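Next come the chains, spelled out residue by residue.
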Amino acid sequence: MKIGFKYLHPFADLMFFIFSFILCLIATNPLILIISFVSGAVYDFKLQKKKTTAYILKFILPLILLITVFNGLFSHYGVTVLFVMQNGNNFTLEALVYGLISGIRIAGMLLWLDCFNEIITSEKIIFIFGRFSPRLALIISMVLRFIPLIRAQSSEISNAEKGIGNGVEVSGFIGKIRSASRRLSILVSWTLEKGIDTSDSMRARGYGLHGRTSYNDYVFSVKDALITVISFAALVLTFVSDRKLSASYNPIIDIPTPDAVSVILIIFFASVLLMPLMIDLWEEKRWSITK
Amino acid sequence: MVNYKIKNLSFFYPDSNTPALNDINLEIEQGEFIVVCGKSGSGKSTLLRMLKPELTPKGKSKGEIIFFEKNKNDFSQRDSARNIGFLLQNTEYQAVTHSVRSELAFGLENLGLDSKTIRLRIAEISAYFSLEDLLDKKISELSGGQKQFVCLASIVAMNPKAIILDEPTSQLDPVSASAFLDTVRKLRSENGITIIISEHRLENVIPLADRIIIMEDGKIISDCKPENISKDVFYKNEFVKKSMPLPMRVHSHLGLDGRMPLSIAQGHKMLEHLMADKLKYTIPSKEVRELSEDNAIQMKNVRYAYENSGYVLKGINLTVKKGSFTALMGANGAGKTTALSLMSGILECKSGKIKIFEKSIKKYKPAELYNGMLAVLPQKCESLFAGNTVREDLESVLKNSDLSKEEREKRIESISEFTEIKSFLDRHPYDISGGEMQRAALAMVLLKQPKIIFLDEPTKGMDNLFKIKFAEKIKELCEGGVTVVMVSHDTEFCAEYCDECAMIFDGLCVLKENKYDFFAQNFFYTTAANKISRDIFPTAVTQGQVLELCKKNLQN
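Residues numbered from 1 in each chain as written. Chains lettered and ligands numbered in written order. Predicted model: local features only at pLDDT ≥ 70, side-chain atom pairs only at ≥ 80, totals over all residues. Heavy atoms only, no water.

A short note on the overall build of chain B
Then comes step 1: A count of helices and strands for chain B gives 21 helices and 19 strands.
Then comes step 2: Taking 556 residues into account, the globule formula puts the C-alpha radius of gyration at 24 Å, and chain B, at 25 Å, falls close to it.
Then comes step 3: Summarising its shape, the C-alpha atoms of chain B cover approximately 70 × 60 × 50 Å along the three principal directions.
Then comes step 4: Classification of the 556 residues of chain B by burial places 57% in the buried group.
Then comes step 5: Accessible area of chain B: about 23,300 Å², with a carbon and sulfur share of 47%.
Then comes step 6: Averaging the coordinates of the 75 positive side-chain charges in chain B and doing the same for the 74 negative ones gives two points 2 Å apart. (Helix = DSSP H or I, 4+ residues; strand = E, 2+ residues; numbered from the N terminus. Rg over C-alpha atoms; globule rule 2.2 N^0.38 Å. Buried < 20%, exposed > 50% of the residue type's maximum accessible area, 1.4 Å probe, protein only. Areas by Shrake-Rupley, 256 points an atom, 1.4 Å probe, with all protein chains shown as cover. Lys, Arg positive; Asp, Glu negative; His and termini not counted. Charge placed at Lys NZ, Arg CZ, Asp CG, Glu CD.)

A short note on the pairing of strand E9 (residues 219–224) of chain B
All names here are of chain B.
Then comes step 1: Where strand E8 (residues 211–216) and E9 come together, 5 bridges link them in antiparallel fashion. Note on E9: the bridge partner recorded for Ile212 is Cys224.
Then comes step 2: In this antiparallel pair of consecutive strands, E8 and E9, the connection spans 2 residues, and Asp217 shows a positive phi of 45°. (Pairing = 2+ DSSP bridges.)

A closer look at the sheet that holds strand E1 (residues 2–12) of chain B
Residues and elements named next belong to chain B.
Then comes step 1: Reading across the sheet, the 3 strands line up as E2-E1-E4 and stay open at both edges, with antiparallel pairing between neighbours. Looking at strand neighbours, the two that pair on one side only are strand E2 (21–29) and strand E4 (60–67), the edges of this open sheet. Averaged over all neighbouring strand pairs, the angle between strand axes comes to 5°, with direction disregarded.
Then comes step 2: Pairing between E1 and E4: 7 bridges, direction antiparallel. When the bridges of E4 are listed, Ile6 appears paired with Ile65. (Axes fitted to C-alpha atoms, helices over the stretch in contact; angles between N-to-C directions.)

Digging into helix H6 (residues 144–156) of chain B
Residues and elements named next belong to chain B.
Then comes step 1: Helix length check: H6, at 13 residues, gives a terminal C-alpha distance of 18 Å against a target of 18 Å (1.5 Å per residue), a fit within 8%.
Then comes step 2: Of all 13 residues in H6, 11 are buried, a share of seventy percent or more.
Then comes step 3: Here H6 has its buried residues at Gly145, Lys147, Gln148, Phe149, Val150, Cys151, Leu152, Ala153, Ser154, Ile155 and Val156. (Expected span 1.5 Å × (residues − 1).)

What is shown is where atoms sit, not what they do.
If you want it as structure tokens, here you go:
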């Protein structure tokens, strides 16, 4: 099933994530941060279902709580004193709220990062770098080939060593280091030796010829252009509207009362943040994919 | 079009006075299917590499090669990349990039094609090779056979006129190997691509060949259609005698005249004709070794599942007698290697019982288990060598033992003698040949004097001459009371040398018999000898048995 936000052009996806990260980073308005957090959570849930539920329950919520409590305990600015702690410091509402808002900001970024990992595949990263340097794109691709290979080889080596009784009776730190270094040395000579085959295979297929191109499978459609433009506009507006929408928490909580412009802005940000989800849901409905 | 014209070509590696190639004369036409064979070190790899300018080894060469009607100097790197594909035997390291799609694109990018053209080529190639399902996979997720397919496809995508394959199936199991060769055959017959292939498993490839080139000591000793190999070559050359497909061997052993049979079907026909009205004896003699009553290994109701997958072993029961040479056979994914890893304690037995010499494997301490009780010869011997010399690696095995220095040296000495590795003890492990490396690995395994040895597909990539030598060593060990358990796909080897064979299927052991009864009961998973003689001598499974019965019947 190759539809939805994940299968857009890498530039469109990337532009959206740049916007969502920057928004989380610089926005101070609690409403915007909450919207970003919620839409990030909902989209992550759409992408990874159970995994996201566990991620939110086991990590994200405790993190928000922890940041809130810590900020309350260790920051003492603000005018609304809730109570005085044993060491004589004030426990203030402002510090507590600021902690909560910071927690939501960080949580929002982490959730969007989770979506990023799912959406921006290695293929897309290679494509994006390939635009700047085809050679770099090839190197990334080769490294990605190499990592699982090395991992498989190291487990083969440790089984082989165990199978002839090497290193099974070692004890102590020095012994372990010695047996690990032996394994590493096997791995290195093995990899270097077989690497000759890789270079033969590359040369045999014409690597080094003048004028190498970089193949990609992506077509930049009108839809991609539209989404790139919307995300870019939202990014620009994030900077422009920062002053207008900004809230402060020290010494008092000061959230600007919304006027017509700021309501429109917030609605715009919210709809851009919900755009990936909408695209996915719309396309699924359109092609009647039920899961 | 003539692909290659080679005149009086000789080649010397640096610092060597003996020629690796000696006065080679050869002409290869477009669309020919050529098999190059010869024992390891005969120069076949060097010859193949001379046919691909980018891979020509460093050294001194005399004589002349004309590539596609061009002189070597006029034949540019671009010409070579476009016209000649070269497939290596190493399935792991040939793939350059991380995904199937980018691997298919790699060569085309090098040629400087634009994305649109590359997309079209990939579409064509994946339809031709049925790769659609693999296209979005990572290379690391593929099986060995699939990897080799993708590498072949990525070469074919460049639309070459000739493809050179250097032992392409030596790392594959028989099923993938024959599927692979089938595709190679198709490339020749449907697309007219010249195929030049070297192999040591010749059974499947010889019936496809237009020409077979046999090499020895850097010389071409025979270059003709496979059925025309002269009697002279067949009788004099040890390699040819032992390595040609079984129907050809039977034909020449019986000293028959007439057309030489290449395939199983032709071999079957030959025997039918031969025995038409002379058939009297049909029961071959069997050499069944008397096995001890004691059990070396018992598996009772063992189940095993890997992470994120169902049961691989589903309550397997298996007994291995002390001092026997037992083979575990079966298809890929049937659980053979898992069973072997459990018996050898590499994997932990979580459900069921495994006993080693009547004592549960869990009650052995690791140090006890791997010091003189069990040892495993890994499939990839490279995973054992770290030292600068073979001797260093041998010494490292005994480093932590209680033996005195003299005793250690004595043991290394005697085991080196036994495995015949003394001549290269002081060389670097990567400077010796694959077969020699395997023997050195066997020496490392034997140093702790294990009572049970596990082998994981040891004959993969061995030529027939070396297999015989290897089998003799194993036999000697078994006669000395060592138990050997082997996972193998090699029916001929098992029928010839094992005591017992077990068929693993779907996580269970479905058949375990002495080798003769085992293969006589199978119809498809059996030896070539059994296949060609099944209707005539139902219980003959080895070449020796078929020859014995033929001779006995012919004498009457």
